[in-house]
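# What the coordinates show
Residue-level listing of the chains:
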Amino acid sequence: RDTIPHAGYELLLKWARAKHHGAFVYTSNVDGQFQAAGFDEARIVECHGSIHRFQCARACTPAIWAAPPSIVPARPPRCPRCGGRARPNFLLFSDPAWIVARTNSQRLRMEVWRMAPIRPVVIEIGAGIALPGVRMFAESLRLPLVRINTHDSDSSSANFLSLHGTALDVLRRIDDSLIAQVATTYVR
Ligand SMILES: [Zn+2]
């Protein structure tokens, strides 16, 4: 929870802010890095939930609340309703007790937002093939797709650009070429 987002998030945020309709984040990460980097909470889908939210371990109530600032093993967090154990509101494997309501409302907001941009582009970053949910989601949108990955950068999709490398390196290279493009435009 204390991780500081790297400079790549800042570049993405800069590009998003330069667009009329901004951007929407779809992430399988549960660490809240996009929020920490300054992205609008209302423009994020956390498809596997968040480590920053808690829920009842038995899901006795649909309530989801802010994670306690620190966790002492001797005094594990409790559900305010039943007094049983509380747990982070993110998806574990074979996890029927995960309360999906918060993620579902994020998805709903994204579906509404998606109607707005005229020529949207998907930038997929570091999505693996072992758990391909994010890759499948990115391809299912049938939009121009930029896939940034250190080793699994291929795709069979049309309208597709593969960029091989770490997120930060590739995002910096894109930003450099965007700046160069703007400079050329002004020289003309
Ligand atoms: Zn409970």
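Residues numbered from 1 in each chain as written. Predicted model: local features only at pLDDT ≥ 70, side-chain atom pairs only at ≥ 80, totals over all residues. Heavy atoms only, no water.

## Quick word on the pairing of strand β7 (residues 145-149)
In terms of burial, β7 is largely enclosed, as five of its five residues are buried. Relative to β7, strand β6 (residues 122-125) is paired through four bridges, and the arrangement is parallel. Residue pairing across strands places Ile-125 opposite Ile-148, the latter belonging to β7. Between the parallel elements β6 and β7, the chain passes through helix α4 (residues 133-140) in a crossover that is right-handed. (Buried < 20%, exposed > 50% of the residue type's maximum accessible area, 1.4 Å probe, protein only. Helix = DSSP H or I, 4+ residues; strand = E, 2+ residues; numbered from the N terminus. Pairing = 2+ DSSP bridges. Right-handed = clockwise from strand over helix to strand, strands pointing away.)

## Here we look at the sheet that holds strand β5 (residues 86-90)
The strand order across the open sheet formed by three strands is β4-β3-β5, and the pairing between neighbours is antiparallel. Each of the sheet's edge strands pairs with one partner strand only, and the pair in question is β4 (64-66) and β5. Pairs of neighbouring strands in the sheet enclose a mean axial angle of 50 degrees, with direction left out of account. Here strand β3 (residues 49-56) pairs with β5 via five bridges, running antiparallel. Across the sheet, the residue bridging to Gly-49 is Phe-90, located in β5. (Axes fitted to C-alpha atoms, helices over the stretch in contact; angles between N-to-C directions.)

## Some thoughts on the sheet that holds β6
The parallel open sheet is built from three strands, whose spatial order is β6-β7-β8. The open sheet has two edge strands with one neighbour each: β6 and β8 (160-164). Direction aside, neighbouring strands of the sheet carry axes that sit 15 degrees apart on average.

## Observations concerning the domain arrangement of the chain
What the domain assignment reports for the chain is domain 1 (27-119) and domain 2 (121-188). The partner domain 2 presents five residues to the six residues of domain 1 that form the contact. Across the interface of domain 1 and domain 2, roughly 380 Å² is buried in total on both sides, 75% from carbon and sulfur atoms. Contact with domain 2 buries area across many residues of domain 1, yet Phe-93, Met-110 and Arg-114 alone supply 56% of it, more than any other trio. The interface formed by domain 1 and domain 2 contains zero salt bridges. Applying the counting criterion to the domain 1 and domain 2 interface returns zero residue pairs in polar contact (both at pLDDT 80 or more). In terms of residue class, the side of domain 1 that touches domain 2 is built from three nonpolar, one polar and two charged. (Domains from an automatic or database assignment. Contact = heavy atoms within 4.5 Å. Buried area = accessible area lost by both parts, 1.4 Å probe. Salt bridge = Lys/Arg side-chain N within 4 Å of Asp/Glu carboxyl O. Polar contact = N/O pair within 3.5 Å; in protein donor to acceptor, adjacent residues only side chain to side chain. Nonpolar A, V, L, I, M, F, W, Y, C, P; charged D, E, K, R; others polar.)

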